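# Observations on the three-dimensional arrangement
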Amino acid sequence: IDGAMAQVDALLRVAPALQVPMLQRLLALSADARGVRAFLLQRLATDPPWRTALPRALSADGSDPARALALLDDLAAAAPLHEDEARLRVSLLRQAGRVAEARRAWLDGLPARARDPQSRWLYDGGFEREPDADTGYGWRIAQVPGTAVGFDSDVPMEGARALAVDFAGRAINGFRVGQWLALAPGTYRLQAALDDGTDSERPFRWQLACVPSGGAGPLLELESVPGRRGWQRLADDFVVPTGCPGQELWLAQAGRSLEERSFQGRLRLAAVAIAPG
């Protein structure tokens with residue numbers, strides 16, 4: 001096997017078009033041939049040029065997510081993962097239901113300056129950093145027609161700025177600001193600040209629910225007072241039950257009809273925090 005794997009290594013270096021299918025084949029063989037798996041881990045740890053094809057091979061059609069995750073787990077224990085490998089591992093951990101591990105792996109991949117003590121429960125509650133563009137655990141903001149998302153540093157609630165969402169007066173569908181969480185069972189308290197400068201007749205509502213929900217209702221619903229100008233402080237307690245390893249926190253407008261979802265003005269969000277009760 002050692003001699004054959006040396007030839008495979010040489011081939012992968014000179015034939016880029018074969019990298020993805022060959023790596024897929026090696027991954028399939030590694031379930032039965034221990035030498036193949038040892039070769040993959042040993043060579044990948046030396047950072048060969050064909051390692052860039054690994055994420056594509058592990059996520060291509062027909063690949064086995066469990067086998068891909070096992071390889072990435074072993075590789076992470078042997079050498080630092082590349083950025084795209086780490087992102088894929090987080091996604092696979094989440095798919096496998098290992099939500100707490102997925103969130104911890106995502107946080108570990110961030111620069112130290114991007115984390116604070118609150119990050120263990122909720123990330124970037126002050127909206128000081130750019131929203132997450134991939135499948136990570138930062139803020140995810142649905143960019144829908146009729147809205148423009150940015151930041152506002154004019155009289156922030158705390159910190160340097162607030163998240164600002166401008167509504168243009170057209171009916172909005174699918175707008176939400178959300179974040180995946182991995183809270184352990186127990187009692188917690190959600191706090192948030194909201195400045196509703198819109199003419200919406202319906203409140204904005206923070207909700208928190210288990211993911212997947214399994215048909216259960218939300219763990220928390222926390223509504224603003226529509227039409228009240230200036231910062232509103234919202235807070236309430238909630239309980240995460242056992243059997244709820246992953247959650248989603250999101251804010252949306254509570255309008256039900258097209259008329260209720262048609263409004264204009266600026267909404268500002270800040271000072272979102274979760275702490276054990």
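Let us look at the structure shown here. (Residues numbered from 1 in each chain as written. Predicted model: local features only at pLDDT ≥ 70, side-chain atom pairs only at ≥ 80, totals over all residues. Heavy atoms only, no water.)

## With respect to the overall build of the chain
Put simply, the rule is: Strands are runs of DSSP state E lasting at least two residues, helices are runs of H or I lasting at least four, and both sets are numbered from the N terminus onward. Residue contacts follow a heavy-atom distance rule, with two residues in contact if any of their heavy atoms lie within 4.5 Å. Reported accessibility uses the Shrake-Rupley method at a 1.4 Å probe radius. Residues are deemed covered only where the shown protein chains occlude them. Asp and Glu count as negative and Lys and Arg as positive, but His and the ends of the chain are not part of the count. By convention, the charge on Lys lies at NZ, on Arg at CZ, on Asp at CG and on Glu at CD.
Each helix and strand counted, the chain has seven helices and 10 strands in total. With the principal axes as the frame, the chain shows a C-alpha extent of 75 × 40 × 35 Å. Partitioning the intrachain contacts of the chain with sequence separation of at least 6 by distance along the chain shows that 70% fall at a separation of at least 24. By element, 51% of the accessible surface of the chain is carried by carbon and sulfur atoms, the whole surface being about 13,500 Å². Seen as two clouds, the 32 positive and the 34 negative side-chain charges of the chain have centres 3 Å apart.

## Observations concerning the pairing of strand β3 (residues 162-171)
The condition that has to hold: Between any two strands, pairing holds if DSSP finds at least two bridges.
Direction of pairing for strand β2 (residues 147-152) relative to β3: antiparallel, over a ladder of six bridges. Bridge pairing links Ala148 to Asp166 in β3. Pairing of β3 with strand β10 (residues 262-276) involves seven bridges; the strand directions are antiparallel. Bridging from a neighbouring strand, Phe167 pairs with Gly265 of β10.

## With respect to the sheet that holds strand β7 (residues 220-223)
With respect to topology, five strands assemble into an open sheet ordered β1-β4-β9-β6-β7, the strand pairing being antiparallel. Sheet topology places β1 (140-141) and β7 at the edges, where each strand pairs with a single neighbour. Relative to strand β9 (residues 247-253), strand β6 (residues 204-210) runs antiparallel, the two sharing seven bridges. Within β9, the position partnered with Leu208 by the bridge is Leu249.

## Brief notes about the side chain of Gln253
Where we set the bar: Identification of polar contacts relies on pairs of N or O atoms within 3.5 Å, with a donor-acceptor requirement for protein atoms, meaning one able to donate a hydrogen and the other able to accept it, and with residues adjacent in sequence counted only if both atoms are side-chain atoms.
Within the secondary structure layout, Gln253 lies in strand β9. Side-chain polar atoms of Gln253 contact the backbone nitrogen of Gly255, separated by 2.9 Å. Here Glu260 takes part through its backbone oxygen, which lies 2.9 Å from a polar atom of the side chain of Gln253. What Gln253 contacts, discounting residues up to four positions off in sequence, is Ser200, Arg202, Pro203, Phe204, Glu260, Arg261 and Phe263.

## Side note on the packing of aromatic side chains
The condition is simple: Under the pairing criterion, centres of Phe, Tyr and Trp rings, with the six-membered ring standing for Trp, must be within 6.5 Å; the plane angle then separates stacked pairs below 30 degrees from edge-to-face pairs above 60, leaving the rest tilted. Each residue gets one of three labels from its accessible area relative to the maximum for its type: buried under 20%, exposed over 50%, partly exposed in between, using a 1.4 Å probe on protein chains only. Charge-over-ring contacts are defined here by two conditions on Lys NZ or Arg CZ: a distance within 6 Å of the ring centre and an angle within 35 degrees of the ring normal.
The tally for this structure, following the rule as stated, stands at 11 aromatic pairs. Judged by centre distance (6.1 Å) and plane angle (50°), the ring pair of Trp139 and Trp206 falls under tilted. Linking Trp139 in the loop between α7 (99-108) and β1 with Trp206 in strand β6, this pair joins segments that are 67 residues apart in sequence. Pair check on accessibility: Trp139 and Trp206 agree, each one buried. Ring centres of Tyr188 and Phe238 lie 5.7 Å apart, and the angle between their planes is 20°; on these two criteria the pair is classed as stacked. Residue Tyr188 is found in strand β5 (residues 186-198), and its partner Phe238 is found in strand β8 (residues 231-240); the two are separated by 50 residues along the sequence. Since its relative accessible area comes to 7%, Tyr188 is described here as buried. Put simply, the rings of Trp106, Tyr123, Tyr137 and Trp180 pair up and form one aromatic cluster. One Lys or Arg, Arg94, reaches over the ring of Trp180 and ends 3.5 Å from the middle of that ring. It is Arg161 that lies over the ring of Phe151; its NZ or CZ is 3.5 Å from the centre.

## Comments concerning the nonpolar core
To keep things clear, this is the line we draw: As used here, the term nonpolar core means buried Ala, Val, Leu, Ile, Met, Phe, Trp, Tyr and Cys residues forming a set that is joined through side-chain atoms within 4.5 Å.
Leu23, Leu26, Leu54, Leu58, Trp106 and Tyr137 are the most contacted members of the largest nonpolar core, which has 37 residues in total. Listing elements by their share of this core, those giving two or more residues are α1 (2-14), α2 (19-29), α3 (34-45), α4 (54-59), α5 (65-78), α6 (83-95) and α7. Dropping the residues within four chain positions of it, Leu58 is found in contact with Leu27, Ser63, Ala68, Leu71, Leu72 and Leu88. Formed by 35 residues, the second largest nonpolar core is a distinct cluster that contains Ile172, Leu183, Tyr188 and Trp206.

## Observations regarding the sheet that holds β10
Worth spelling out the cut-off: Axis definition: a line fitted to C-alpha atoms, limited for helices to the stretch in contact. Angles are taken between N-to-C directions and run from 0 to 180 degrees.
If you walk across this open sheet you meet the five strands as β2-β3-β10-β5-β8, and the pairing is antiparallel. At either margin of the open sheet sits one strand with a lone partner, and together these are β2 and β8. Geometrically, the sheet is characterised by an average inter-axis angle of 25° between neighbouring strands, direction not taken into account.

## Topic: a nonpolar patch on the surface
Convention followed: Residues enter a patch when their relative accessible area is above 30% and they make no salt bridge; the linking distance is 9 Å between like charges and 5 Å between nonpolar side chains (Val, Leu, Ile, Met, Phe, Trp, Tyr). Here a salt bridge means any side-chain nitrogen of Lys or Arg lying within 4 Å of a carboxyl oxygen belonging to Asp or Glu.
A cluster of nonpolar side chains, contributed by Leu11, Val14 and Leu18, occupies part of the molecular surface with about 260 Å² of accessible area. Among the secondary structure elements, Val14 is positioned in helix α1.

## Here's the deal with the packing of α6 against α7
Rules: Note that the term roughly parallel is reserved for angles under 35 degrees, roughly antiparallel for angles over 145, roughly perpendicular for angles of 65 to 115, and oblique for everything else. Each crossing gets its handedness from the near helix: less than a right angle anticlockwise from the far helix is left-handed, clockwise is right-handed. By the convention adopted, Pro, Cys, Tyr, Trp, Phe, Met, Ile, Leu, Val and Ala count as nonpolar, Lys, Arg, Asp and Glu as charged, and the other residues, Gly among them, as polar.
At a minimum axis separation of 7 Å, α6 and α7 run at an interaxial angle of 165°. One element, α6, and the other, α7, form an angle in the roughly antiparallel class. Considering only the axes of α6 and α7, their crossing is left-handed. Here Arg89, Val90, Leu93 and Arg94 of α6 come into contact with α7, specifically with Val99, Glu101, Ala102, Ala105 and Trp106. Of the residues belonging to the contact of α6 with α7, the class tally is six nonpolar, no polar and three charged.

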